[in-house]
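Report on the structure
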Amino acid sequence: MELPLDATSKATDEELLQDFSNGDPAAARALTLRFLPRVLGFATRMLHDRHEAEDVAQEAMLRLWKMGGSWQSGEAKVSTWLYRVVSNLCTDRLRRKRTVPIDTIAEPEDKQATAHAVLLQADRAQALEAALGALPKRQREAIILRHLEELSNPDIAQIMGVSVEAVESLTARAKRTLTKLLAPRKTELGFEDDK
Amino acid sequence: MAARDAAPAVSTALFHRVLDDAAGHLDATKMSVKTQPDRVKPLGIKGLFASVLNTIGGWPVAAGLAIALMAGIFIGSVKPEQFRGFEQLLPQYDTNSAYLLDALSYDDGFWAEG
């Protein structure tokens, strides 16, 4: 399903949440359009399991509905709070399963002949997802929030409950690990062709 | 960039599940508001007076209480010597009986058993 852009509301996240707690179902729709894709994307990258990610995303949004009436304006951003909930839910789920090493991840399936660039993009995305899965959980979380969810370091610090310096250290270490993991597949993924 | 572009699309089913949760929460919130007792309206002076009157038993009782109150104020404010002779007006008044009652109230041993 392709969701329309959230152009229905110019209201802030807090205003929408207030409207929802006052009983406005349109505010629920606007908040869902605004946050669900981001929440699902983050959870999917953390868990590498679409079904679990959907459960986490639904649970996180449910907690947002329950929080609505008692939201304290000015203390934190709604988005930051929501990411933190997703982070905690993913941590709970990850504790119940082992991290899958990159070597055991299946090779990309054979695809029908399409444009070379599209195939290459898909392969790179899959390789990156696999490499992310091999990172320690904290490094993975930091680098996903920084480079894929495009959050600022202060926001990430708030989500993860650490200092900004710790976030910078985690993302730097994650980048070094990813480079080490992806370097052997440099030619296969066409990174040399990009020069 | 490749990984960012490859973010998973939200399925219609998930979208509707999330909205159903929101609707369910709104319904539950409305139900909890309805089960709360209606706010009691202020009575106002007239309403308060009527409420007190009903509590004590209506106008006849209120009138009796008012008379008793007036009598008590009168008795408390008037000197005892002004009551002399008053007892003659009371029916079946027996001075001896009155004295006995007084004597009994001062004799702590009278009511003791044995």
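These figures come from a predicted structure and were not determined experimentally.

Here the focus is the overall build of chain A. Looking only at helices and strands, chain A features eight helices and zero strands. Ordered by position from the N terminus, the helices and strands of chain A form the series α-α-α-α-α-α-α-α. The 195 residues of chain A split such that 43% are buried. The contacts in chain A between residues at least 6 apart in sequence include a share of 66% that link residues at least 24 apart. A total accessible area of about 10,700 Å² is found for chain A, and carbon and sulfur atoms account for 51% of it.

This paragraph deals with the interface of chain A and chain B. Residue-level contacts link 31 residues of chain A with 20 residues of chain B. When chain A packs against chain B, close to 2,400 Å² is buried across both sides, 67% of that on carbon and sulfur atoms. Connecting chain A to chain B are one salt bridge. Its salt-bridge partner being Arg17(B), residue Glu54(A) comes within 3.1 Å of it at the nearest N-O pair. Viewed at the interface, chain B and chain A are joined by six residue pairs in polar contact (both at pLDDT 80 or more). Breaking the side of chain A that touches chain B down by element, the ones donating at least two residues are helix H2 (25-47), helix H3 (50-67), helix H5 (116-134) and helix H6 (137-148) of chain A.

Another point: the nonpolar core. Phe20(A), Leu36(A), Met61(A), Trp65(A), Val86(A) and Leu145(A) are the most contacted members of the largest nonpolar core, which totals 60 residues. Leave out the neighbours within four places in its chain, and Met61(A) touches Leu31(A), Thr32(A), Phe35(A), Leu36(A), Leu82(A) and Val18(B).

How two helices pack is summed up by the angle between their axes together with the distance between the axes. Residue and element names in this part refer to chain A. Running from N to C, helix H4 (residues 78-95) and H6 cross one another at 150°; their axes reach a closest spacing of 12 Å. In terms of axis orientation, H4 runs roughly antiparallel to H6. Considering the relative orientation of H4 and H6, their crossing is right-handed. Note on element contacts: H6 touches H4 through Lys137, Arg140, Glu141 and Leu145, opposite Tyr83, Ser87, Thr91 and Leu94. Here the residues of the contact of H4 with H6 are counted per class, giving three nonpolar, two polar and three charged.

Quick look at the confidence of the model for chain A now. Of all residues in chain A, 84% attain a pLDDT of 70 or more, and the chain-wide mean is 84. No element of chain A has a lower mean pLDDT than H5(A), at 80, and none a higher one than H3(A), at 95.

Here the focus is the pattern of salt bridges. Residue and element names in this part refer to chain A. Per the counting criterion, the structure on display carries 11 salt bridges over all chains. For the salt bridge of Asp155 with Lys77, the shortest nitrogen-to-oxygen distance reads 2.7 Å. Here Asp155 is found in helix H7 (residues 153-160), whereas its partner Lys77 is found in the loop between H3 and H4, with 78 residues between them in sequence. A relative accessible area of 12% means that Asp155 is categorised as buried. Using a relative accessible area of 46% as the deciding quantity, one classes Lys77 as partly exposed.

What counts, and where the lines are drawn
- Residue numbers run consecutively from 1 along every chain, following the written order of its sequence.
- Chain letters and ligand numbers both follow the written order, the letters beginning at A and the numbers at 1.
- Reporting in this predicted model follows two pLDDT cut-offs: at least 70 for local features of residues, and 80 or more for side-chain atom pairs to be given and counted; totals over whole chains, interfaces and linings ignore these cut-offs and use all residues.
- Excluded from the side-chain calculation are hydrogens and water; included are all heavy atoms of the structure.
- Secondary structure elements are taken from DSSP: a helix is a run of H or I of four residues or more, a strand is a run of E of two residues or more, and numbering for both begins at the N terminus.
- Type-normalised accessible area, obtained with a 1.4 Å probe on protein chains alone, sets the label of each residue: buried when under 20%, exposed when over 50%, and partly exposed for intermediate values.
- Throughout, a contact is declared for two residues whenever any of their heavy atoms are within 4.5 Å.
- Method for areas: the Shrake-Rupley scheme with a 1.4 Å probe, in which residue coverage is limited to the protein chains shown.
- Joining two parts hides part of their accessible area as seen by a 1.4 Å probe, and the buried area is that hidden amount summed over both.
- For this document, the term salt bridge refers to a Lys or Arg side-chain nitrogen within 4 Å of an Asp or Glu carboxyl oxygen.
- Between N or O atoms, a polar contact is any pair within 3.5 Å; within protein, one atom must be a potential hydrogen donor and the other a potential acceptor, and residues adjacent in sequence are included only when both atoms are from side chains.
- Definition used in this section: a nonpolar core is a set of buried Ala, Val, Leu, Ile, Met, Phe, Trp, Tyr and Cys residues joined via side-chain atoms within 4.5 Å.
- Each axis is a line fitted through C-alpha atoms, taken for helices only over the stretch in contact, and angles between the N-to-C directions span 0 to 180 degrees.
- Roughly parallel refers to an angle under 35 degrees, roughly antiparallel to one over 145, roughly perpendicular to one between 65 and 115, and oblique to any angle outside these ranges.
- The hand of a helix crossing depends on one turn: near helix anticlockwise from the far one by less than a right angle means left-handed, and clockwise means right-handed.
- Note that Gly is not counted as nonpolar here; it falls among the polar residues with everything else outside the nonpolar set of Ala, Val, Leu, Ile, Met, Phe, Trp, Tyr, Cys and Pro and the charged set of Asp, Glu, Lys and Arg.
- The predictor reports its confidence for every residue as pLDDT, a score running from 0 up to 100.

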